[in-house]
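For reference, the chains in residue letters:
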Amino acid sequence: MSALKYLRAPRHQRFAAKKYLEVLGFSSLHTAPNSSVELHSQDEEVVIALGSNVGNRLHNFKEALKSMRKSGIHITRHACLYETAPAYVTDQPRFLNSAVRAVTKLGPHELLAALKRIEKDLGRTDGIRYGPRPIDLDILFYGRFKVRSDILTIPHERIWERPFVMAPLMDLLGSAIDSDTVTSWHSFSGHSGGLSELWEKLGGESLIGEEGMYRVMPLANTLLDWSRRTSVMGILNLTPDSFSDGGNFQSVKSAVSQVQLMISEGADIIDIGAQSTRPMASRISVEEELGRLIPVLEAVMSMPEVEGKLISVDTFYSEVASEAVSKGAHIINDVSAGQLDANMFNVMADLDVPYVAMHMRGDPCTMQNSENLKYDNVCKEISSELYSRIREAEMSGIPAWRIIIDPGIGFSKKTEDNIEVLTGLPDIRAEIAKTSLAISQAPILIGPSRKKFLGEICSRPAAVERDPATVASVTAGVLCGANIVRVHNVKDNLDAVKLCDAILRQKSSPMKFRQ
């Protein structure tokens, strides 16, 4: 049926023609932006690219995503965040780029109109093509349809030549074909191997860190590339009953002194916890946790030494997370990945700080019960269970570019499970990548420090005697892909991390390595 006949046909014939084209895998045709045949009677899955290089780029992204949701564009997945050199017109600031998958009942031209309104509301004006803009929103795909009109072309005609578009697009698709719609997106590339083959021909993952394109995480008013070196997170327990140093840092003075020591020894991040999560620990209230935490957090944030360092707060309470961020905390570290506070994800969606989602079954009182220690394949099951939590977080509005993954060493795991996790970090990434490349690219945090499994292996019943074993476990974890290590002894573990980073740099680029 020609486009003209399609427009003039009775509604039931148009519907039949549309379904016939869908079955064949072809697109419906749109010849006018205000056509009455816009396909908006049912949800269609779409991919929308985002770019910004004027003003507060992260704020522009946040406001654009918020406006998209209000406009009937329901975001289901986020790509990673990339800082990229400008293309075509090179004399302009660097861009932030990403993309989202979403579902909408808006027809393609209605969707275009909604995105143009958002761009205008955020300050975009007519300017030179490819020039600076506070926000740029492009429709990459719309359902299984190709659209051609005077004002809209779908798939976007320059997808295939732009690494800064292809990288976030591949983040969204993963390595699995999860629907007929995704099959059609791959077919639109014109390559037998689909978009994956095209991405590899462009250079694939080797482009990240090259060609002016970096995968980054927004953190403390800057953009960090976690792949460049491993970060060391120093532990500050404010609790009377933590397994290693409980009661040592309950006063503000002793806590500040310990932070000064860890920073002097080279810590990048200080993780402050006011609630014990050791096995069988009793849960304290929000009020009691805040009473322990806030005086210390305020004192730490006022320290001159903290300039340029990151402060993380270890909590599973959303109210504590919100208050901590209001006092200046840069990261929230949740051992429950939202399981112990139903409001955590909604609160984190508005806080604009990275969120550590850790794997744990049950809670600290039940995590070592026999039922919670049963695994057929520990890395595969951790991946599946953690991914389901992160997907819920993402659906609540926490973008993938703010997620940090923690496989939960020592939490609901036996000694042999912990060893398997340390050496199985690549398997955990690979499992997650099957459904979301974006989440699989998230930084991985590990926290083996002084834990019971090290004591069992090395016959060290006292936690403070487990630092050499901690160094060994950190070394294994970093060489297997960990990006952040959470430790009590910063000095010795920092040395181990530096050596591991040097090994990894030389291994990946032997001709470039210099001492």
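This text follows the structure it describes.
On a predicted model such as this, the values are computed, not experimentally measured, just so you know. (Residues numbered from 1 in each chain as written. Predicted model: local features only at pLDDT ≥ 70, side-chain atom pairs only at ≥ 80, totals over all residues. Heavy atoms only, no water.)

Peer 1: Before we move on, could you go through the overall build of the chain and cite the residues and values that matter?
Peer 2: A tally of regular secondary structure across the chain gives 18 helices and 17 strands. Looking at the 515 residues of the chain, the share that counts as buried comes to 56%. Counting only contacts in the chain whose residues sit at least 6 apart along the sequence, the fraction spanning at least 24 positions is 70%. Split by element, the accessible area of the chain, about 22,200 Å² in all, is 51% carbon and sulfur. (Helix = DSSP H or I, 4+ residues; strand = E, 2+ residues; numbered from the N terminus. Buried < 20%, exposed > 50% of the residue type's maximum accessible area, 1.4 Å probe, protein only. Contact = heavy atoms within 4.5 Å. Areas by Shrake-Rupley, 256 points an atom, 1.4 Å probe, with all protein chains shown as cover.)

Peer 1: Quick one: what's the story with a nonpolar patch on the surface, residue by residue and with numbers?
Peer 2: Judged by side-chain polarity, Leu479, Leu499 and Ile503 come together as a nonpolar surface patch covering roughly 270 Å² of accessible area. Of note, Leu479 is situated in helix H17 (residues 467-479). Overall, the relative accessible area of 39% leaves Leu479 in the partly exposed class. (Patch = residues over 30% accessible without salt bridge, like charges linked within 9 Å, V, L, I, M, F, W, Y side chains within 5 Å. Salt bridge = Lys/Arg side-chain N within 4 Å of Asp/Glu carboxyl O.)

Peer 1: Go over unusual backbone geometry with me, naming the residues and quoting the values.
Peer 2: Geometrically, the link from Ile154 to Pro155 is a cis peptide bond, its omega value of 0° lying close to zero. Its location among the elements puts Pro155 in the loop between strand S7 (153-154) and helix H5 (163-173). A positive phi angle, near 50°, is found at Ser412, a position not held by glycine. Counting through the fold element by element, Ser412 comes out in the loop between strand S15 (403-406) and helix H13 (415-423). You will see that Ser459, though not glycine, has its phi angle at about 55°, which is positive. Residue position: Ser459 is located in the loop between helix H16 (452-458) and H17.

Peer 1: Tell me what's going on with the pattern of salt bridges, and back it up with residues and numbers.
Peer 2: Evaluated as defined, the whole model comprises 28 salt bridges. A salt bridge links Arg57 to Glu83; the shortest N-O distance between them is 3.1 Å. Note that Arg57 is positioned in helix H3 (residues 57-70) and Glu83 in strand S3 (residues 81-84), a separation of 26 residues in sequence. On the basis of relative accessible area, Arg57 is assigned to the buried category, the value being 18%. One salt bridge in this structure joins Arg158 and Glu161, with 2.6 Å as the shortest N-O distance. A network of salt bridges, in which partner residues are shared, links Lys116, Glu119, Arg124, Arg133 and Asp136.

Peer 1: Describe the pairing of strand S12 (residues 310-314), and please don't skip the residues or the numbers.
Peer 2: Where burial is concerned, most of S12 is hidden: five out of the five residues are buried. Where burial is concerned, the two faces of S12 agree: the one with Leu310, Ser312 and Asp314 and the one with Ile311 and Val313 are both buried. Note: strand S11 (residues 269-273) against S12, five bridges, orientation parallel. Directly across from Ile270, in S12, lies its bridge partner Ile311. Handedness of the crossover joining S11 and S12 through helix H9 (residues 286-301): right-handed. Bridge count for S12 against strand S13 (residues 331-334) is three bridges, and the pairing is parallel. By the bridge assignment for S13, Asp314 is matched with Asn333. Note on the crossover from S12 through helix H10 (residues 318-326) to S13: the handedness is right-handed. (Pairing = 2+ DSSP bridges. Right-handed = clockwise from strand over helix to strand, strands pointing away.)

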